[in-house]
Amino acid sequence: MMFRNKFSVFLYVILGLAAIGLVTQLFTNTVNFLTNIMIMLGIGVAIFAVIYVFFFRRRATSNDMKKYKSAVKQSKSKYANKTFSSIPGNKKKPASLIKRKSSKRATHLRVIDGNKHKRKKRATY
């Protein structure tokens, strides 16, 4: 407990001296003070931009890219066997093809699990 009290007093002294230094620098050498502040802000923004581009941006795009690639793969598998004729006609399809097509599951539709919670069982009075 004694260490915390000494540390907090030391911290307040350091912060007070820093505030006094900033105020005196602002009134005695304003142009140099503002130039230093702008340079520090610029360096901070540059470091943040580099960290963002190399670490955070890759994570977000990789997840989206995985979803895109799986969608392309799914689309290719769906449309790979279809051939389109250049002349449309009124040809009747056999009944066996129609039955099989109606029972076939639509591959382009997919169920997305949401975050809905199951309803809680509540006692009714």
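Since this is a predicted model, take the numbers as computed values, not measurements.

Caption draft 1: Region of interest: the overall build of the protein. Looking only at helices and strands, one finds 3 helices and 0 strands in the protein. Ordered by position in the sequence, the α and β elements of the protein form the string α-α-α. Out of the 125 residues in the protein, the part that is buried amounts to 1%. Surface summary for the protein: the accessible area is close to 13400 Å², and the carbon and sulfur share equals 65%.

Caption draft 2: Spotlight on the environment of serine 75. Positionally, serine 75 belongs in helix H2 (residues 30-79). Separated by 33 residues in the primary sequence, serine 75 and histidine 108 place their C-alpha atoms 7.3 Å from one another.

Caption draft 3: Spotlight on the packing of aromatic side chains. Throughout the structure, instances matching the rule amount to 1 aromatic pair. Between phenylalanine 48 and tyrosine 52, the ring centres sit 6.3 Å apart and the planes meet at 25°, which makes this aromatic pair stacked. Taken together, the residues span about one helical turn, with phenylalanine 48 and tyrosine 52 both in helix H2 at a distance of 4 residues. You can call phenylalanine 48 exposed: its relative accessible area is 57%. For tyrosine 52, a relative accessible area of 41% translates into the label partly exposed.

Caption draft 4: Region of the structure containing a nonpolar patch on the surface. Taken together, the side chains of Ile39, Ile43, Ile47, Phe48, Val50, Ile51, Tyr52, Val53, Phe54, Phe55 and Phe56 make up a nonpolar region of the molecular surface, amounting to roughly 1100 Å² of accessible area. Position of valine 50 among the secondary structure elements: in helix H2.

Caption draft 5: Structural view of the confidence of the model for the protein. On average, residues of the protein score 77 in pLDDT, and 66% of them reach the 70 mark or higher. Within the protein, the lowest mean pLDDT, 52, falls on helix H3 (residues 95-103), and the highest, 89, falls on helix H1 (residues 2-28).

Caption draft 6: Seen up close, the environment of phenylalanine 33. Secondary-structure assignment places phenylalanine 33 in helix H2. The class for phenylalanine 33 is buried, based on a relative accessible area of 14%. Distance from phenylalanine 33 to leucine 22, taken between C-alpha atoms, is 8.3 Å for residues 11 residues apart in sequence. Contacts of phenylalanine 33, omitting those with residues within four sequence positions, involve Leu22, Gln25 and Leu26.

Cut-offs used in this document
- Residues numbered from 1 in each chain as written.
- Predicted model: local features only at pLDDT ≥ 70, side-chain atom pairs only at ≥ 80, totals over all residues.
- Heavy atoms only, no water.
- Helix = DSSP H or I, 4+ residues; strand = E, 2+ residues; numbered from the N terminus.
- Buried < 20%, exposed > 50% of the residue type's maximum accessible area, 1.4 Å probe, protein only.
- Areas by Shrake-Rupley, 256 points an atom, 1.4 Å probe, with all protein chains shown as cover.
- Phe/Tyr/Trp six-rings, centres within 6.5 Å; stacked < 30°, edge-to-face > 60°.
- Patch = residues over 30% accessible without salt bridge, like charges linked within 9 Å, V, L, I, M, F, W, Y side chains within 5 Å.
- Salt bridge = Lys/Arg side-chain N within 4 Å of Asp/Glu carboxyl O.
- pLDDT = per-residue confidence, 0-100.
- Contact = heavy atoms within 4.5 Å.

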